Amino acid sequence: MALAYPQPSDELVFFVNGRKVTERQADPEELLLYYLRKKLRLSGTKYGCGVGGCGACTVMISTYDPVAKQIQHHPANSCLLPICSLHGAAVTTVEGVGSIKARIHPIQERLAKCHGSQCGFCTPGMVMSIYALLRNHVRPSMEQIISALDGNLCRCTGYRPIIDSCMSFVGEPTCCQLRGTGQCCLDKEECVCTSSTEGQIHSGLCNPEEFPSMDPTQEFIFPPELMRMAQEQQKTTLVFRGKRTTWISPPSLKELLELKAKYPNAPLVVGNTSVGLKKNHHDTYHPIILHPVRIPEMHVVSSTNNGLVIGAACCLAQLRNILMEAVAKLPQEKTKIYQALLQHLRTLAGEQIRSMASLGGHIVSRGSTWDLNPILSVGKSVLNLASEDGERQILLNDQFLAGCENADLKAKEVVVSVLIPYSLKDDFISAFRQAGSQKNAFSIVNSGMRVLFNPGTDTIVDLSILYGGIGSTTISARKSCKKLIGRQWNDQMLNEACRLVREEIFLPPSAQGGKVEYRRTLLVSFLFRFYLEVLHGLYQMYPFRYAELSQKRMSALGLLQSGVPQGVQIYQMRCDVDPGQSPQDPVGRPIMHQSGIKHATGEAVYIDDIRPVDGELSLAVVTSIKAHAKIISIDALEALQVPGVVDVVTARDIPGENGKDEQAYAEDKVICVGQIICAVVAESLTQAKCGAEKVKIVYEDLEPVLTIEDAIKHNSYITEEKKIEKGDIEKGFKSADEIIEGELHIGGQEHFYLETNSVLVIPRVEDKEMDVYVSTQHVTDVQELVASALNLQSNKIMCHVKRVGGAFGGKITKPSLFAVVAAVAANKTGCPVRFALERNMDMLITGGRHPFFGKYKVGLMNDGRIIAADFQCYINGGCTKDESELVIEYIVLKVDNAYNIPNLRVRGHACKTNLPSNTAFSGFGFPQAGLFMEMCIVAVATQTGLPHEKVREINMYKGVNLTSFKEEFNAENLWKCWEECLDKSDYYNRKAMVEEFNTKNYWKKKGIAIIPMKFSVGFNATYFHQAGALIHIYIDGSVLVTHGGIELGQGIHTKMLQIVSRELKIPLSYIHFCETSTTTVPNGKYTAASVGTEINARAVQDACQILWKRLDPIRRDNPNGRWEDWISEAHKQSISLSATGYFKGYVTDMNWDTQKGHAFPYFLFGVACSEVEIDCLTGAHKNIRTDIIMDACFSINPAIDIGQIEGAFIQGVGLYTLEEIYFSPEGEQLTLGPDTYKIPAICDIPEQFRVYLLPNSRNSIAIYSSKGMGEAGFFLGSSVFFAIRDAVAAARKERGLPLDFTLSSPLTAEQIRMACADVFTEMIPKDKPGTYKPWAINVS
Ligand SMILES: Cc1cc2nc3c(=O)[nH]c(=O)nc-3n(C[C@H](O)[C@H](O)[C@H](O)COP(=O)(O)OP(=O)(O)OC[C@H]3O[C@@H](n4cnc5c(N)ncnc54)[C@H](O)[C@@H]3O)c2cc1C
Ligand code: FES
Ligand code: FES
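A. Molecular detail of the packing of aromatic side chains. Going through the model one piece at a time under the given rule, you end up with 44 aromatic pairs. Over the ring of tyrosine 1002 we find arginine 1295; its NZ or CZ atom is 4.0 Å from the centre of that ring. Above the face of the tryptophan 1003 ring, arginine 1295 is positioned so that its terminal group lies 5.2 Å from the ring centre.

Structure (structure tokens):
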């Protein structure tokens, strides 16, 4: 219930980009991101997730401390930042850093020129994280830079170019001297671009000499007015009253305590990273919020005889700095707790969250997986509490963490500060955590452990062990610890401790979060590591009394942490660019992305950045909570009562067709959780969401089919079986020396494009015309579906796409449905409608990559030859057809990858289930098929005992050959790539080193794998490849280009400008691209399958050549004239200066009856070699090095193409090693944001990442001999999967375990740990499937 606060509302004053903002009616519920975007129209700051997990919304906050008289700058996630917390602060957004209009900042320029942006949606956030770092450290170290980017996700680039751009701030650029050869890289034929040493960037892909230097005097100064205000208001209570919530910021502890006494339920919001998250998830609201950041006592930092006292309002980044200073100053034995805390403070969240989240907030909100609490607790930290009734101290112990009434703070109390004690000489303290990713991921399990010995002995005097991530709070193995007091620190004690902990800490089989056996294993694995750390510590302290750890045991110590990534990119520039090529001709050169600077300044406009139009309404959808059910009724009465709600739209409001294959609005039945049932349109998004929550739907349950296994059982398929047969498999099996069989499961994948699906529909006044601005890969489909839904001809619907903030196949079919949903609402209300999905809704509704299940039977000869194979492939298509037929066809056609299997049968099935419909995703099924094939190779190598690379070589296509669909092709370049990769990666030497390492390290293993690839570019039908273009030359000589392709980040328009420049022989500066639109180029096919650029390029080239020819007579008459003269003359002679170009498409066909065809336009070969290290105790791994060779040196733009390879590779690493989608047994997706679904972050890329384009690899089919590289790098990410598998195999071999083990994808820490079976995996209890209801099910 709202409690009145007597004081009237104060004026909220803060600065944004040097300009004063005054809010008379500030709403405490308003968050900065939305305020910036909607109120201040600063749309450079992006929405990517709304939960602090992606960094797209990063801004810099500067504050003035009137007591210390200091200005502080820090990065922050504006999506979690209440505007009321900003009183007196200066906010800098990307627009304030620099703009094209004013001045581009060196960070922006370098990021763009180093090709650090593709779709550009993450770029403003990246700029802001680097900017905030540089405001605090003019010459940061590489470690600081990487740490500053921990909290920023990029789905496109693979991070390497972003790191490159930052390198230039560390040191001055110098030549790489070709890594020790002493030669200048620029003198070589090859162009070597490397970022291999700290502070150096040596790039043929960008030119560091062009970079303007940093000039700190150009930055905004902290507004003096705010300094004055901070001084004057030191003693003033600030009150901001909103509609529902009042925000009170008291200036003194006394006043805070009075307020807390008056409003005991009011939270103390500091960083809002916990309260804000809860609010997001549960829409809880607080009538009163107390903001205690101006209270000096809550910022103290002092040292006492017992330890450091740190104010509860200090943020975690400050805590890190304080502890680092203490560790540097104090004797080591006193700082063991601090070192343990620092270990976690390096990996906890991203720098933005670390700069916002407070120590007090962390302690009091005590999430189960919060990392610091177990350490603070074992370290016997003390909370200094205060209330109106006085002060007291309580221990931050397990009972406090469990919220036990007698150990907790009272409602009226606040934590003022925390005493973190010094450690003692005989203390040993360790911190452990294992998360899905090394950084910026919540722990799966964490732990703090401490033992105190009788001085000089190993007799336990005190022992504490706490675990997070096991129950709903951090829990203690208190009883176990008690029983171990008095024991010696030896192996018997360890065995006893493991037994006791297993008995005491119970994790039920259906525990939330799943991974139950893994989590149980971690409990004892951490304990074992602690045991060894202590033994090692004892030896170091008393080397004459305690034995040194054996080498085997030593290998269990130490964390796997990625170092600073380094990159090398080599392409054949000198050959690529013909010696006769004019210097003005940009083809083959690493031209910066046409929108690169705009990405970096935040001036690139995405759908939701389009300013509101008059009368615009916002739309929120109501989605099904059932996987399969009849809709009995929809009751919208209550929703319509919500203030601001204008209407509720259902399928009944569709005048025409309700979608094609998939319904836009469910009619009488729902077929998956997340299916759209109706939409609420309102004056604001908040009102629309509020209305949507009030719609009541009654369902009648029907039996759902969720998994591939279920679908097979129910004979539930989307299409008929797709089959290819080559040779005679029965004969093949008969002549085989051996036959092996196996299975593989591959999980699905979320696209996680940074820009969520968005559409803005604007009805025009006349003729029922409608403009649709939409983030799509397929404008024609949007146009068709909207027209048919509104019962109009397509010529009334104008679709526009300027750019898309990432798509990866996920925006081919789905945006059309969202456009229909919005268009029907716009048609019904007569108003413009904006529909921008929130991240969780986007992930819930859209589906992703198809989960895969494959069964193989392989006939092999003892020499490693595969002579027969029978494959059964299944994909989980979800509830509608979407692209599933194409995906299963591609799986069947591409499954042979690089291998010639003389007798092969492949059968493919697309299963129909009640999951959200899965759709296209980079590689279109090949990433699943290729992994499956490579799994068979591994099985053969295991069976024969031959090295994996030998089995690959034995079975690889050689010379001129026939594919499984009987098409002739030449495998010469496959072999060239293979040899080159073996050589460049120094494979055999490194393999020997890996083996050597493995003999010495029992608990850590390295693995290496080299994987070949035959990738087919394009589609298996000609008409998919058609493309159109329209080019206008204006009288001033400027050129406007349009074509049917869409900018998804792949640089399509940049390449088009390069092509026009070459064809018309004019500088790039003359040429402009505006937008892709159905009004200029009709009937475009979707931009996908790696051919979007080259097919549209052919259409553009065609148009250019038509125009060039028309200008022939004029050029002949005036050969020395300027372009402008020719154009002016042509106009005078009435020569048309506008032309359409058209490309009919590569001829491809596939005849499924004869199982023969020319299924794809051409092949692209590649090979990757990856090396990893795994931690057998936890399952963690680190990517050490990857070398990629791709046979595509005649790139139109090598910077773009290398960026595509790297980006796709890292997405592949995500699919195969990280990204897990979970579904509940009822079919509801449980992973709906970056907090639960981990895409690769900067810490996940290989420490050394090298990409080479194979010299002289011509392509007679595509324009200028180029090849489509959009997706090819993806599958090569599987080299990391197989390197991990290699490492696991080494562990298993040493442990005497069978080597024919199966692993599924993604190969996560959980799988790695459980496959490295040992005494600890053996000792944990196992649950019999079927005896409990699991938290999540396997749908593949
Ligand atoms: C994207 C993201 C990633 C994260 N990753 C990690 C991670 O990897 N590891 C990890 O450990 N944690 C992680 N966290 C959690 C984070 O550590 C906590 O959310 C944070 O420490 C809470 O601090 P706050 O100041 O934001 O709390 P707020 O949200 O402001 O407050 C939280 C609660 O604490 C109470 N409170 C605050 N201060 C006091 C006080 N002085 N006295 C009494 N009560 C008080 C408030 O009343 C409120 O109930 C993550 C959070 C986010 C959003
Ligand atoms: S939008 Fe704020 S972190 Fe993702
Ligand atoms: S460029 Fe980073 S998400 Fe697209």
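Further notes follow.
B. Representation of the site of ligand 1 within the structure. Val270, Thr273, Val275, Ser358 and Asp371 are the nearest of the 34 residues found near ligand 1. With respect to ligand 1, the backbone of aspartate 371 contributes an N or O atom lying 2.5 Å from an oxygen atom. In isolation ligand 1 has 980 Å² of accessible area, and contact with the protein removes 94% of it. Secondary structure elements with two or more residues in the shell around ligand 1: helix 10 (275–282), helix 14 (359–365) and strand 14 (414–421). For the shell around ligand 1, the element with the highest residue contribution is helix 14, accounting for 5 residues. The class makeup of the residues in the shell around ligand 1 is 21 nonpolar, 11 polar and 2 charged.

C. Spatial organisation of the sheet that holds strand 16 (residues 443–453). One open sheet accounts for 4 strands, arranged 15-16-17-18; its pairing is antiparallel. Here the strands that pair on one side only, and so sit at the sheet edges, are strand 15 (427–435) and strand 18 (475–476). Taken strand by strand, helix 12 (residues 336–345) contacts strand 15 and strand 16, and its axis lies near 10° from that of strand 15.

D. Structural context of the nonpolar core. In terms of nonpolar packing, the biggest core is built from 266 residues, with Trp489 and Phe871 touching the most fellow members. The contacts of phenylalanine 871, once residues within four sequence positions are left out, are Lys855, Tyr856, Val858, Val895, Leu904, Arg905, Val906, Arg907, Phe932, Met933 and Cys936. Counting 84 residues, the second largest nonpolar core, distinct from the first, contains Ala89, Ala313, Leu359 and Ala431.

E. Quick peek at helix 12. Along helix 12, 8 of the 10 residues are buried, which leaves the element largely enclosed by surrounding structure. Regarding helix 12, the residues found buried are Lys336, Ile337, Tyr338, Ala340, Leu341, Leu342, His344 and Leu345.

F. Expanded view of the environment of threonine 1231. With respect to the element layout, threonine 1231 can be found in the loop between helix 39 (1198–1217) and strand 47 (1248–1253). Threonine 1231 sits in the buried class, given a relative accessible area of 2%. Leave out the neighbours within four places in its chain, and threonine 1231 touches Met843, Glu1220, Ile1221, Tyr1222, Thr1236 and Tyr1237. One polar contact links the side chain of threonine 1231 to the main-chain amide nitrogen of tyrosine 1222, over a distance of 3.1 Å.

G. Fine view of the sheet that holds strand 25 (residues 696–701). Taken together, 3 strands build an open sheet; the order of strands is 23-21-25 and the sheet is antiparallel. Both outer strands of the open sheet, strand 23 (669–670) and strand 25, are each paired with one neighbouring strand and no more. One ladder, built from 2 bridges, connects strand 21 (residues 629–635) with strand 23; its direction is antiparallel. In the sheet register, lysine 630 faces strand 23, and the bridge partner there is lysine 669.

H. Up close: unusual backbone geometry. For the bond from serine 1305 to proline 1306, the omega torsion is 5°, close enough to zero to count as cis. Structurally, proline 1306 is set in the loop between helix 41 (1278–1294) and helix 42 (1309–1315). Even without a glycine there, the phi angle at lysine 380 is positive, about 60°. Given the relative accessible area of 35%, lysine 380 is considered partly exposed.

I. Here's a closer look at helix 1 (residues 32–39). Listed in full, the buried residues belonging to helix 1 are Leu32, Leu33, Tyr35, Leu36 and Arg37. Looking one or two places after helix 1, you find arginine 41, whose phi comes out positive at around 60°.

J. Expanded view of the packing of helix 35 (residues 1052–1064) against helix 36 (residues 1092–1110). The interhelical angle for the contact between helix 35 and helix 36, taken along N-to-C directions, is 30°, at an axis separation of 9 Å. Classified by the angle their axes make, helix 35 and helix 36 are roughly parallel. Classified by chirality, the crossing of helix 36 by helix 35 is right-handed. Every residue of helix 36 that contacts helix 35 at Ile1052, Lys1055, Met1056, Ile1059, Val1060, Glu1063 and Leu1064 is listed here: Gly1092, Thr1093, Asn1096, Ala1097, Val1100, Gln1101, Cys1104, Gln1105 and Trp1108. Residues that form the contact of helix 35 with helix 36 fall into these classes: 9 nonpolar, 5 polar and 2 charged.

K. Representation of the environment of serine 381 within the structure. Checked against the element boundaries, serine 381 lands in the loop between helix 15 (372–378) and strand 12 (382–387). Expressed as a C-alpha distance, the spacing of serine 381 and leucine 396, which sit 15 residues apart in the sequence, is 5.5 Å. With residues near it in sequence (within four places) discarded, serine 381 still touches Leu376, Ile394, Leu395, Leu396, Val418, Leu419, Ile420 and Pro421. Looking at serine 381, its side chain comes within polar contact range of the main-chain oxygen of leucine 376, at 2.8 Å.

Parameters at a glance
- The residue count restarts for each chain, going from 1 along the sequence in the order it is written.
- All chains are assigned letters beginning at A, and all ligands numbers beginning at 1, according to the order in which they are written.
- The predicted nature of this model means local features are confined to residues of pLDDT at least 70 and side-chain atom pairs, given and counted, to a pLDDT of 80 or more, with totals for whole chains, interfaces and linings taken over all residues.
- Here the side-chain values reflect all heavy atoms present in the structure, with hydrogen atoms and water set aside.
- Two rings belonging to Phe, Tyr or Trp (six-membered ring only in the last case) form a pair when the distance between their centres is within 6.5 Å. Interplanar angles under 30 degrees mark stacking, angles over 60 mark edge-to-face geometry, and anything in between is tilted.
- Cation placement over rings: the criterion is NZ of Lys or CZ of Arg within 6 Å of the ring centroid and within 35° of the ring normal.
- For this description, a residue counts as near a given molecule or strand if any of its non-hydrogen atoms is within 4 Å of it.
- Here a polar contact is taken to be a pair of N or O atoms separated by no more than 3.5 Å, where protein atoms must pair a possible hydrogen donor with a possible acceptor and residues adjacent in sequence count only if both atoms sit in side chains.
- Note that accessible areas follow from Shrake-Rupley with a 1.4 Å probe, and for residues the cover is restricted to the protein chains shown.
- Under the scheme used here, helices are H or I runs from DSSP no shorter than 4 residues and strands are E runs no shorter than 2 residues, and both carry numbers assigned from the N terminus.
- Residue classes follow a fixed rule: Ala, Val, Leu, Ile, Met, Phe, Trp, Tyr, Cys and Pro count as nonpolar, while Asp, Glu, Lys and Arg count as charged, and any other residue, Gly among them, counts as polar.
- We call two strands paired when DSSP finds no fewer than two bridges between them.
- Working rule for contacts: check all heavy atoms of both residues, and any pair within 4.5 Å makes them a contact.
- Think of each axis as a best-fit line through the C-alpha atoms, taken over the contacting stretch in the case of a helix, with angles from 0 to 180 degrees between the N-to-C directions.
- We call a set of buried Ala, Val, Leu, Ile, Met, Phe, Trp, Tyr and Cys residues a nonpolar core when their side-chain atoms join them within 4.5 Å.
- Using a 1.4 Å probe on the protein chains alone, a residue whose accessible area is under 20% of its type maximum counts as buried, one over 50% counts as exposed, and one in between counts as partly exposed.
- When describing relative orientation, an angle under 35 degrees is termed roughly parallel and one over 145 degrees roughly antiparallel, while 65 to 115 degrees is termed roughly perpendicular and anything else oblique.
- Crossing handedness: left-handed means the near helix sits turned counterclockwise from the far one by under a right angle, and right-handed means the same turn made clockwise.

The values are spatial; any link to function lies outside them.
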